[in-house]
Amino acid sequence: MSAHDAGPPQPLCQKTTLLGISEDHRDNLTHIHAQGVQYEVYWEVYRDGRFSEHIGQLHKQYGPIIRVNPNELHIIDPEFHDQIYNFSPDIDRPPVTLDNLQFTPSSTLHRVRRKAFDPYFSKPAVLKLESVVRSSVEELCQRLSEYKTSGQPASISVLARCLTSDLITEYMFGSPYGHLTHIEGSEAFFRAQSAMSASFFMWRENRFVDRMVKMTRLIPMSMLSPGSNMHLMMQFMQNLMQRVETIREQSQSTSKAEGTGHKVLMEDYPHLDLPEKDKSLSVHFDTAGLFLTAGLETTAFTIEQAVFHLLDQPALLAKLQDELSGAIPQPNKIASWTELEKLPYLSAVIQESLRMSVGVMSRLPRKNTRHDMHYKEWVIPRNSYVGMSNRFTNYNAEVFPDPYTFNPDRWLQGNESKKLEKYMVSFSKGSRRCIGMHLAYAELYLMLATMFRQFRFELYETTRKAVDPKIDYFVPKPEHGTMGVRVLVK
Ligand code: HEM
């Protein structure tokens, strides 16, 4: 039975309505409700990104639906995923400080924005980018050859991030950051990037941050301690702002993207079919920030999963290498992305790496603005935020038995495996699913095929702590103190 009263939506923080959750479960949820926002702040800030992990503990104690703060419910149940993440025009997400495609609260505006960007990330568009992906992969392999010659350990974690950031900056601005060319120089960039993800919790809380960010922009760089996280973040943002300003000027002139041979997203931006407000420097900047960062950590973390688990289980690696040797007789003539996609074991390795990397670690709240939602015996009144987390769906033992084991074979069981696709949510689902999915697949296929066809590796001082998603900086991060995935190149 539902305690929900038809009529206007109740504020979620009113203890008496408890979101229409049935009498039987009120006591449990009151416990969560009683904690308030400061509870979340404690786990996010003081315990440094551990709220996601803690939510898992709370579910063990209180069942599949809990209240994670006064304004939001959280559900663990793979069957419920498509009730929240679908193509319905009634589903909105909460506002945050950033104003870009991903964080657009209204589904109506999101649809308009998405339509403008979709053509840049469709499969045909990414097929046209294949030569760019390929040349980044070749540059990465050049670095691997140098590590082979020197005998020094190579950090796959750093190299993968150099690849993903160079590639996306090439597509966005027509020239890459050049991290693969100057690996040592990329360190400041990745530290800044990491510091920004670490503070994502604050970016989500838009009540104070907007004002704070504006104030921070007024602080002269000379007042910030060089090398500090704040200094690096400001440098990161100033550099991005400069690139956006320059490309806006260029897009007015005739000298567009000469010689790149591909579209340049940020140059085209002012001419896209977007609302006038989106053409402002501020939304342009937020959008550039999104495209630059969205595919960087996510794809790199997936590459780290694949490399670690394959080297950790030599029998699986041997299977992959057999398949690659058959399909690519000459190691330096790597097949096309379309050909590689036909390789069953490589495809299964990629699916399993995506499953284990989870994509986004943070819960992704949504609200239905028109209808109540129903979960088992509970009614979730319209306009109430409710979210799920990829981590709990992708590691659900009923759907993916033995979920902590890297097992590509689970994707090679015919119809049984097809059913798994429904529950694999690394790219999310519905109208807000990852727009960069095809680009990510192109990178994963070309990078893993090339690396494992051309080189032999050995793990160097790396345990699985380096790849298990633990910390929630919006994207998943491993336990602090690991040095990432490092290898000796043979
Ligand atoms: C393995 C790689 C990747 C994974 C697992 C992944 C995962 C995800 C997930 C889970 C979302 C939904 C997040 C949310 O609802 O807030 C998302 C959205 C998004 N991703 Fe990815 N992503 C990957 C690579 C990329 C790449 C390469 C790009 C390149 C630009 C990209 C750009 C975006 C953008 C712009 C959105 C927002 C889409 C929208 O709201 O319409 N992602 N991604």
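Further up the page is the structure itself.
Since this is a predicted model, take the numbers as computed values, not measurements.

Rules and cut-offs
Residues numbered from 1 in each chain as written. Predicted model: local features only at pLDDT ≥ 70, side-chain atom pairs only at ≥ 80, totals over all residues. Heavy atoms only, no water. Core = buried A, V, L, I, M, F, W, Y, C linked by side-chain atoms within 4.5 Å. Buried < 20%, exposed > 50% of the residue type's maximum accessible area, 1.4 Å probe, protein only. Helix = DSSP H or I, 4+ residues; strand = E, 2+ residues; numbered from the N terminus. Contact = heavy atoms within 4.5 Å. Expected span 1.5 Å × (residues − 1). Axes fitted to C-alpha atoms, helices over the stretch in contact; angles between N-to-C directions. Left-handed = near helix turned anticlockwise from the far one by under 90°. Nonpolar A, V, L, I, M, F, W, Y, C, P; charged D, E, K, R; others polar. Donors = N, O, S within 2.8 Å, 3.2 Å for Na, K, Ca; no water. Near = heavy atom within 4 Å. Polar contact = N/O pair within 3.5 Å; in protein donor to acceptor, adjacent residues only side chain to side chain. Domains from an automatic or database assignment. Salt bridge = Lys/Arg side-chain N within 4 Å of Asp/Glu carboxyl O. Pairing = 2+ DSSP bridges. Arc of directions from axis to C-beta.

1. Here we look at the nonpolar core
Formed by 110 residues in total, the largest nonpolar core has its most connected members in L144, V307, L340, L346 and F452. Sorting elements by how many residues they give to this core places helix α20 (residues 437–454) first, with twelve residues. If near-sequence neighbours (up to four positions away) are discounted, V307 is found in contact with I156, L448, M451, F452, V485 and V487. Core analysis: the second largest hydrophobic core is formed by 18 residues, I84, L364, M388 and F474 among them.

2. Some details on helix α7 (residues 156–173)
Between its first and last C-alpha atoms α7 spans 25 Å; for 18 residues at 1.5 Å apiece the expected length is 26 Å, and the two agree. Across the 18 residues that make up α7, a large majority, 17, are buried. At the exit of α7 stands G174, carrying a positive phi of roughly 85°.

3. Some remarks on the side chain of D278
Following the sequence through the fold, D278 ends up in the loop between α12 (265–268) and α13 (281–294). Among residues more than four places away in sequence, those in contact with D278 are R113, Y269, V283 and H284.

4. Topic: the packing of helix α6 (residues 130–150) against α20
Where α6 contacts α20, the two axes come as close as 10 Å, and the packing angle between them is 35°. Helix-helix and strand crossings are classified by hand; for α6 and α20 the assignment is right-handed. Listed contacts from α20 to E130, V133, R134, V137, L140, C141 and L144 of α6 are L439, A442, E443, L446, M447, T450, M451 and Q454. Here the contact of α6 with α20 is built from residues that sort into ten nonpolar, two polar and three charged.

5. Some thoughts on the coordination of the iron atom of the ligand
Among protein atoms, the single one acting as a donor to the iron atom of the ligand is C434 (SG), 2.3 Å away. Mapped onto the elements of the fold, C434 is located in the loop between α19 (415–421) and α20.

6. So, unusual backbone geometry
You will see that V358, though not glycine, has its phi angle at about 65°, which is positive. Turning to its location among the elements, V358 is positioned in the loop between α17 (344–357) and β5 (367–368).

7. Remarks on the site of the ligand
In the region of the ligand, 31 residues are neighbours, and Q102, H110, R114, R366 and C434 sit closest. Between an oxygen atom of the ligand and a side-chain N or O atom of H110, the distance comes to 2.7 Å. The side chain of R114 places a nitrogen or oxygen atom 2.7 Å from an oxygen atom of the ligand. Of all elements in the fold, only α4 (107–121), α13, α14 (296–312) and α20 reach the threshold of two or more residues within the shell around the ligand. Its residues placed into classes, the shell around the ligand shows 14 nonpolar, eleven polar and six charged. Two domains share the shell around the ligand, each providing at least three of its residues, namely domain 1 (18–76 + 364–391) and domain 2 (111–358 + 395–489).

8. Describing the pattern of salt bridges
Pairing between side chains of opposite charge can happen when their charged atoms approach one another. In this structure the tally under the stated criterion is 26 salt bridges. With a closest N to O distance of 2.9 Å, K123 and E341 form a salt bridge. Here the residue K123 occupies a position in helix α5 (residues 123–128), and E341 occupies one in the loop between α16 (337–340) and α17, the gap between them amounting to 218 residues. For K123, a relative accessible area of 28% corresponds to the partly exposed category. Two residues, D468 and R464, come together in a salt bridge whose shortest N-O distance is 3.0 Å. One salt-bridge network, in which partners are shared between bridges, spans R50, E53, K470 and E479.

9. Considering the pairing of strand β2 (residues 72–75)
Going residue by residue along β2, you find E72 and H74 tucked away on one face and L73 and I75 tucked away on the opposite face as well. Here strand β1 (residues 65–69) pairs with β2 via four bridges, running antiparallel. Looking at the pairing, R67 lines up with L73 of β2. Taking the residues between adjacent antiparallel strands as the criterion, β1 and β2 are bridged by two residues.

10. Brief notes about helix α15 (residues 314–327)
Its 14 residues give α15 an end-to-end C-alpha distance of 20 Å, which sits within 8% of 20 Å, the value for a rise of 1.5 Å per residue. Looking at α15, one finds that the buried residues are L316, L317, L320, Q321, E323 and L324. For α15, the angular spread of buried residues about the axis comes to 160°, placing them on one side. Projecting away from the buried face of α15 at angles above 90 degrees are the exposed residues P314, A315, D322 and G326. Structurally, α15 contributes buried residues whose contacts are with α14, α17 and α20.

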